[in-house]
Each structure stands twice: as structure tokens, then as C-alpha cells.
Amino acid sequence: MSIGQKIIHLESVDSTNNYAAILLSEGRIGHGTVILADEQTNGRGQRGAKWSSAAGVNLLFSLVLLPDNLSVSDQCVLTEITSIALIEFLRKFGISAKVKWPNDILVNGEKIAGVLIENQLKGNNIGSSIIGIGLNVNQRVVDLPRVTSIVNHIDTPFLNLTETLLSFLASFDSCWKNYQLHGKSHIREIYLKELYQLNEHAFYADQDGEFEGVINGVNEAGLLQVIKRNEVKTYEIKEISFIYRNAF
Ligand code: BTN
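Residues numbered from 1 in each chain as written. Predicted model: local features only at pLDDT ≥ 70, side-chain atom pairs only at ≥ 80, totals over all residues. Heavy atoms only, no water.

Caption draft 1: Structural detail: the pairing of strand β2 (residues 34-40). With five of seven residues buried, β2 is to be regarded as a mostly interior element. In this sheet, β2 lies alongside strand β1 (residues 7-13) in parallel orientation, the contact comprising six bridges. Paired with L10 across the bridge in β2 is A37. Once the chain exits β1 it traverses helix α1 (residues 16-25) before rejoining the sheet at β2, and the crossover so formed is right-handed. Examined bridge by bridge, β2 and strand β3 (residues 59-65) share four bridges and lie antiparallel to one another. When the sheet's bridge partners are listed, V34 is paired in β3 with L63. (Buried < 20%, exposed > 50% of the residue type's maximum accessible area, 1.4 Å probe, protein only. Helix = DSSP H or I, 4+ residues; strand = E, 2+ residues; numbered from the N terminus. Pairing = 2+ DSSP bridges. Right-handed = clockwise from strand over helix to strand, strands pointing away.)

Structure below.
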């Protein structure tokens, strides 16, 4: 089944990722199914954070994938495909976005979309993956620092959410096919071109405190590589934060 061929649209749910997990465990949905909600009562973000969004103005959805033969060690390709799909989708509106590692999508340094990927393992492979996406579409004013929406960057005052979702799913479908045709190295190359602060001096914090460093890539396992005091350090998501102040 292709991406988005089946869309389950709910008015309200705790979290589209939770709902997708239940349907998956009951064997009731297949590859490419999308769970879409107008409102989430317990939307979840990365690192145990909450994902809040006003009802009916943004896209809150989970895309279910059943990858063929994707090993656990290569799971970061799902993050990369999703980030590229979001960036290519935004480009259709003339919006230029970057991916803040691993998968926050930023426009001029402000977050426009967040991604929470939850994988279910089958031996050494990814049996299924739930790709949860919160995409800010019509919410002009967001009560959080460094957050934006699509409408803040285009002339149209309000976008049709169903059409917007279908347009994103077309972008995702094309990235997914690209991956199947050309493999993970090709996807990695595209992802790196879209990486926020790649090769730029900026401030970060790790367990030893704040430092000025330069992101110089992402390794095979999907970990962030940062040059810190002339040495390349590798970080997992919980081990590094981006610090917002001006570099030299
Ligand atoms: C982040 O922290 O940036 C990730 C946010 C992911 C939010 C989406 S909204 C749809 C899906 N359901 C959830 O509970 N979370 C994801």
C-alpha cells in the first residue's frame, strides 16, 4: 500500500502515536496508514516533553511504516527521510527550512515541525515504525519562544489541512521511493545538506557545560559529530543541547 492511501481521521485522541500503536498491535493497520487528529489531549514530544497545539489549526498525525528488512542499526534513516520530506514539502510553499539534528524542522531558527518516531522491533529489524509529526500550519501566534507556522511565511491566510496533509504525504512518498531506489547513503547525503548549523561556529552544552563548537556531520549510527576544542565528539540526543546566543 502506498503512503497515505488510508487516513483515519479522529476529532480528538490522547496521542495519534498511542492510537497508531494500539491499531498496529491489533494488526488492524498496514504500511502507509495515517492517523490524523484535530486535537490531542496528551500529545507527546521528544525527551518526554508534551506537544501542545490549538485544536483544528495545525496538523497532528502519525504515519505507520512497515519497512522491509531495515536493521535496527540503520533506523536513523527513518529520521532522515522524514526530515527531508518535511523540508521538500515546505519548499513547495517557497519556505526554506533546515533540520536541527536529529529532526526538528526550523525556518529562520524557529521550529515549524516536530517529529517523534517510535519503532517496534522484530529481532534485529524494525518491524514497524510510527512516525508522529506535529506540523504548525495555521496557528499564527504561538505562545512559545522560537516557534512558527506555515502561514507566517506565505501570503495565504489559512490553508486547508487535508490538502496540506496530502501534499506532505506526496513528498514523503517520493522520499521513501528515493530511499528504496538509491539506499541509505543517498538519503544521508541529502540529509546532511539540510542540516542546521553544519560547519558553523555555534554554542552547545554537554555534560561538561557550555562550549563553542562546529557540527561536522552525523555518523553511520545517526549520532551527531561536533568539533569541540579540535577534537571530534559524538553525541546521542540526550547528551547535547543547542544554546541560543550569538556566536562570534
Ligand atoms: C518534538 O518534541 O519535537 C516532537 C513532537 C511530535 C508531536 C507529534 S503530534 C502527532 C504525534 N502524536 C504525538 O503524541 N506526538 C506526535
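Alright, that's what it looks like, and here's the rest.
Caption draft 2: Quick peek at the site of the ligand. In the neighbourhood of the ligand, 19 residues make up the surrounding shell, with S15, Q40, R44, Q46 and K111 lying closest. Within the contact set of the ligand, an oxygen atom lies 2.8 Å away from a side-chain nitrogen or oxygen of S15. One of the side-chain nitrogen or oxygen atoms of K111 is found 2.6 Å away from an oxygen atom of the ligand. Here the ligand, which alone exposes 420 Å², has 97% of that area covered by the protein. Those elements that provide at least two residues to the shell around the ligand are α1, β3, β6 (110-122) and β7 (125-135). Per-element accounting of the shell around the ligand gives the leading share, four residues, to β6. (Near = heavy atom within 4 Å. Polar contact = N/O pair within 3.5 Å; in protein donor to acceptor, adjacent residues only side chain to side chain. Areas by Shrake-Rupley, 256 points an atom, 1.4 Å probe, with all protein chains shown as cover.)

Caption draft 3: The arrangement of the packing of helix α3 (residues 161-182) against helix α4 (residues 184-193) in detail. Closest axis-to-axis distance for the α3/α4 pair is 7 Å, and the angle between their directions is 130°. Looking at the two axes, α3 sits oblique to α4. Taking contact as the criterion, the partners of C175, N178, Y179 and H182 in α3 are, on α4, K184, H186, I187 and I190. Partitioning the contact of α3 with α4 into residue classes produces four nonpolar, three polar and one charged. (Axes fitted to C-alpha atoms, helices over the stretch in contact; angles between N-to-C directions. Parallel < 35°, antiparallel > 145°, perpendicular 65-115°, else oblique. Contact = heavy atoms within 4.5 Å. Nonpolar A, V, L, I, M, F, W, Y, C, P; charged D, E, K, R; others polar.)

Caption draft 4: Fine view of the sheet that holds β7. Spatially, β1-β2-β3-β7-β6-β5-β4 is the arrangement adopted by the seven strands of the open sheet, whose pairing is mixed. Of all strands in the sheet, those bounded by a partner on one side alone are β1 and β4 (98-100). Put simply, the sheet's adjacent strands are angled 25° from each other on average, direction ignored.

Caption draft 5: Representation of the nonpolar core. Ranked by internal contacts, the top residues of the largest apolar core, which has 59 residues, are I105, L135, I150, F168 and F172. Apart from residues no more than four positions distant in its own chain, L135 is found in contact with N58, L59, L86, F89, I112, A113 and I150. (Core = buried A, V, L, I, M, F, W, Y, C linked by side-chain atoms within 4.5 Å.)

Caption draft 6: Here's a closer look at the pairing of strand β5 (residues 104-107). Burial of the side chains of β5 extends over both faces: D104 and L106 are buried on one face and I105 and V107 on the other. Pairing of β4 with β5 involves three bridges; the strand directions are antiparallel. Among the inter-strand pairings, K98 is bridged to a residue of β5, identified as L106. Linkage of β4 to β5, two consecutive antiparallel strands, is achieved through a turn of three residues. Of the strand pairs in this sheet, β5 and β6 are connected by three bridges, and their pairing is antiparallel. Note that in β6 the partner of V107 across the bridge is E110. The loop that links β5 with its antiparallel partner β6 comprises two residues; one of these, N108, has a positive phi angle of about 45°.

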